[in-house]
Amino acid sequence: TADFWREVAEQIRNDFPDLPLLMLPFYLYSDATQVVAFGGKSFHPVYLSLAGESLAVRNSKAGRVVVGYIPHVSKKGLPKSHLSAFREHVMSVCLEILLEPVVVAQQSGIQMWCDDGSGATMKLFMPVLEAYSGDIPELLKVTCKYC
């Protein structure tokens, strides 16, 4: 909620009272991809793009970066009754690992030098996951409604 983020920002401001605090909203996006070089295996690359960029920039190759991969869990070797729960678990653990640095950065912020044209100044950024986007199968996996 907004109250939660206000409290987090206030705590960071108390720790670094001399630095301007800026929110750094970002999006994550994933989509299953077939990889011919690896024997036709499938996996889900997870892309990150900054929320402040235009849609044209965010959708360009320069506007996003791959931050990780979520493996495809095949049906082989698992009983059908366990497959859905295992896929949910794999997706959840992968996202937890990918977002761990963000959680750490939200506790203390990220200090960066910025040049606004009048000289470089130190600023404090706090990353915020604004949205997770993907095709219907990926979104259903993230919400664990279907795996």
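For the structure itself, consult the block above.
This one's a predicted model, so the numbers in the text were calculated from it and none came from an experiment.

## Considering the overall build of the chain
Thinking step 1. When you go through the chain residue by residue, the secondary structure sums to four helices and six strands.
Thinking step 2. When the helices and strands of the chain are listed from N to C terminus, the series reads α-β-β-β-α-β-α-β-β-α.
Thinking step 3. Counting every position in the chain, which comprises 147 residues, the buried fraction comes to 28%.
Thinking step 4. For the chain, contacts bridging at least 24 residues in sequence account for 52% of all contacts bridging at least 6.
Thinking step 5. Element-wise, carbon and sulfur atoms account for 60% of the exposed surface of the chain, whose accessible area totals about 9700 Å².

## So, helix α3 (residues 80-108)
Thinking step 1. Across its 29 residues, α3 extends 44 Å between first and last C-alpha, which sits within 8% of the 42 Å expected from 1.5 Å per residue.
Thinking step 2. The principal kink in α3, of about 45°, is found at L99, preceding the proline P101 by one to four residues.
Thinking step 3. Taken as a whole, α3 has its buried residues at L83, R87, V90, M91, C94, L95, V102, A105 and Q106.
Thinking step 4. Just downstream of α3, G109 is the residue with a positive phi angle, here 80°.

## Regarding helix α1 (residues 2-15)
Thinking step 1. In this model α1 runs 20 Å from its N-terminal to its C-terminal C-alpha over 14 residues, within 8% of the 20 Å that 1.5 Å per residue would give.
Thinking step 2. Its buried side turned inward, α1 meets β1 (21-30), α3 and β6 (120-134).

## So, the pairing of strand β5 (residues 110-115)
Thinking step 1. Looking at chain direction, β5 and β6 are connected through six bridges and run antiparallel. Among the inter-strand pairings, M112 is bridged to a residue of β6, identified as K123.
Thinking step 2. Between the end of β5 and the start of β6, which pair antiparallel, lie four residues, with G117 showing a positive phi angle near 100°.

## Focus on the packing of aromatic side chains
Thinking step 1. Under the defined criterion, the tally for this structure stands at one aromatic pair.
Thinking step 2. Seen from the ring of Y47, R64 lies directly overhead, with NZ or CZ sitting 5.1 Å from the centre.

## Remarks on the side chain of S30
Thinking step 1. Along the chain, the position of S30 falls in strand β1.
Thinking step 2. Among the polar contacts made by the side chain of S30, one reaches the side chain of Y132 at a distance of 2.6 Å.

## What to know about the packing of α1 against α3
Thinking step 1. As a packed pair, α1 and α3 sit with axes 7 Å apart at the nearest point and diverge in direction by 65°. Judged by residue contacts, W5, V8 and I12 of α1 engage Q106, Q107 and S108 from α3.
Thinking step 2. For the contact of α1 with α3, a count of residues per class yields three nonpolar, three polar and no charged.

Quick notes on the rules
- Residues numbered from 1 in each chain as written.
- Predicted model: local features only at pLDDT ≥ 70, side-chain atom pairs only at ≥ 80, totals over all residues.
- Heavy atoms only, no water.
- Helix = DSSP H or I, 4+ residues; strand = E, 2+ residues; numbered from the N terminus.
- Buried < 20%, exposed > 50% of the residue type's maximum accessible area, 1.4 Å probe, protein only.
- Contact = heavy atoms within 4.5 Å.
- Areas by Shrake-Rupley, 256 points an atom, 1.4 Å probe, with all protein chains shown as cover.
- Expected span 1.5 Å × (residues − 1).
- Bend = angle between axes of the 7 residues up to and from the residue.
- Pairing = 2+ DSSP bridges.
- Phe/Tyr/Trp six-rings, centres within 6.5 Å; stacked < 30°, edge-to-face > 60°.
- Lys NZ or Arg CZ within 6 Å of the ring centre and 35° of its normal.
- Polar contact = N/O pair within 3.5 Å; in protein donor to acceptor, adjacent residues only side chain to side chain.
- Axes fitted to C-alpha atoms, helices over the stretch in contact; angles between N-to-C directions.
- Nonpolar A, V, L, I, M, F, W, Y, C, P; charged D, E, K, R; others polar.

All quantities given are derived from atomic positions and should not be read as evidence of function.
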